Amino acid sequence: NDVKLWQVHTLLKGLEKIATSAEIPMVVCGDFNSVPGSAAHSLLSNGRVPADHPELGIDPFGILQPSTKLSHPLPLVSAYTNLHKPCLDSEALERQRDRVDVIGEPLFTNCTKDFHGALDYVFYTEDALAPVSLLELPGEREVRAKYGGLPNTQWSSDHVCLMTEFQWGARMDPNSPSAYGPRYM
C-alpha cells in the first residue's frame, strides 16, 4: 500500500504544478488499485491522509513521513459520489443507489472469484467541471450470473467501465434538467 500511496502522491504533485501554471479543469481517473478508505483514496478524495491512518504505520522505506506532506490543494471530487446530492428521480437512479457504498463510490469496479470491491475512480476539479451524466453501474448479481464474475462473455475486462460526461464550468444553468443532478447512460 505504501507504493500505491506514493504513486498517487507523485501524480497529484505533478498535477499541482500544471494547475498552478494554467487554469484548466482536470479529470483524474483510472485503476488506482485502492479501495475506498485506503490512504491513496483518502489522499485523492479528501486532499490529505490523516496522520493516524493505519496504512501510514507500514512504511518500510520511510517515504511517507512526515504524513503532513501527503496532501494537495486540488479541489477533486469523485463523480460517482454525486449520487448523494439531490438528483432527478428515476428508475436508473434507484438502481444506482443500491450499487454504491455509504460515501457514494461504486460497491465494486472489480469483481472476480477472489475479490469484490472498488479500485477504479473518476475524480474531477469541482471548481471547473460539473458531471451531467454517468454510465450506469452493473449490479453484482448480473455480473456474477455467468462464470461467477469478471471477465465474462458480456464484460471483456475484469474491471467495470466508468464514464462521466462533464459540463465545462461548475455553475450550471438552473433551467437545465441536468442542473438537478446526474442522469444515467
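Right above here is the structure, for reference.
Being a predicted model, the structure only gives us computed values, none of them experimental.

**Description of helix α1 (residues 2–21)**
Phase 1: Taking 1.5 Å per residue as the helical rise, α1 with its 20 residues ought to reach 28 Å, and the 29 Å between its terminal C-alpha atoms agrees with that figure.
Phase 2: Inspection of α1 places D2, L5, V8, H9, L12, L15 and E16 among the buried residues, and these make up the whole buried set. Seen along its axis, α1 keeps its buried residues to an arc of 150°; they face one direction. Counted as exposed and oriented over 90 degrees from the buried face of α1: Q7, K17 and S21.
Phase 3: Tucked inside the fold, the buried residues of α1 contact β1 (27–31), α2 (39–46) and β2 (76–78).

**Looking at the packing of aromatic side chains**
Phase 1: Summed over all chains, the structure comprises three aromatic pairs.
Phase 2: Relative to F123, the ring of Y121 has its centre 5.8 Å away and its plane inclined at 40°; by these criteria the two rings are tilted. Here Y121 and F123 have matching classes, each one buried.
Phase 3: Residues Y124 and F166 carry aromatic rings whose centres are separated by 5.1 Å and whose planes lie at 55° to one another, so their mutual orientation is tilted. Of this pair, Y124 sits in strand β5 (residues 120–125) while F166 sits in strand β7 (residues 164–168); the two residues are 42 residues apart in sequence, bridging distant segments of the chain.
Phase 4: On the accessibility criterion, F166 (24% relative accessible area) is partly exposed.

**Notes on the packing of α1 against α2**
Axes are the key here: two packed helices are described by the angle between their axes and the distance separating the axes.
Phase 1: Running from N to C, α1 and α2 cross one another at 20°; their axes reach a closest spacing of 8 Å. It follows that α1 is roughly parallel to α2 by the angle criterion. In this structure, α1 uses K4, L5, V8, H9 and L12 to contact α2, whose residues at the interface are A39, A40, L43 and L44.
Phase 2: Here the residues of the contact of α1 with α2 are counted per class, giving seven nonpolar, one polar and one charged.

**Describing the side chain of S42**
Phase 1: Take S42: it is sitting in helix α2.
Phase 2: We classify S42 as buried; its relative accessible area is 6%.
Phase 3: The contacts of S42, once residues within four sequence positions are left out, are G47, R48, V49 and P50.

**Re the sheet that holds β1**
Phase 1: Pairing within the open sheet is antiparallel, and its three strands lie in the order β1-β5-β2. Two strands bound the open sheet, and with one partner strand each, they are β1 and β2. On average, each strand axis in the sheet is tilted by 25° relative to the strand beside it, whichever way the strands run.
Phase 2: As defined by bridge partners, β1 adjoins β5 across five bridges and the pair is classed as antiparallel. Residue pairing for β5: V27 is matched across the bridge by Y124.
Phase 3: The strands that α2 touches are β1, β2 and β5; relative to β5, the one it contacts most, it runs at about 25°.

**Let's talk about the pattern of salt bridges**
Phase 1: Scanning the entire structure with this criterion turns up five salt bridges.
Phase 2: With a shortest N-O distance of 2.6 Å, E136 and R95 are connected by a salt bridge. Taken together, the positions of E136 in the loop between β6 (129–134) and α4 (140–144) and R95 in helix α3 (residues 91–97) put the pair 41 residues apart, joining distant regions of the chain.
Phase 3: With relative accessibility at 21%, the residue E136 sits in the partly exposed group.
Phase 4: A salt bridge links R144 to E140; the shortest N-O distance between them is 2.8 Å. Highlighted residues: R144 and E140, both in helix α4, separated by four residues, approximately one helical turn.
Phase 5: Accessibility expressed as a relative area gives 27% for R144, which makes it partly exposed.
Phase 6: Of the residues examined, E140 reaches a relative accessible area of 34% and is grouped as partly exposed.
Phase 7: Through salt bridges with shared partners, one network takes in R95, R99, E136 and E142.

Cut-off values and rules
Residues numbered from 1 in each chain as written. Predicted model: local features only at pLDDT ≥ 70, side-chain atom pairs only at ≥ 80, totals over all residues. Heavy atoms only, no water. Helix = DSSP H or I, 4+ residues; strand = E, 2+ residues; numbered from the N terminus. Expected span 1.5 Å × (residues − 1). Buried < 20%, exposed > 50% of the residue type's maximum accessible area, 1.4 Å probe, protein only. Arc of directions from axis to C-beta. Contact = heavy atoms within 4.5 Å. Phe/Tyr/Trp six-rings, centres within 6.5 Å; stacked < 30°, edge-to-face > 60°. Axes fitted to C-alpha atoms, helices over the stretch in contact; angles between N-to-C directions. Parallel < 35°, antiparallel > 145°, perpendicular 65-115°, else oblique. Nonpolar A, V, L, I, M, F, W, Y, C, P; charged D, E, K, R; others polar. Pairing = 2+ DSSP bridges. Salt bridge = Lys/Arg side-chain N within 4 Å of Asp/Glu carboxyl O.

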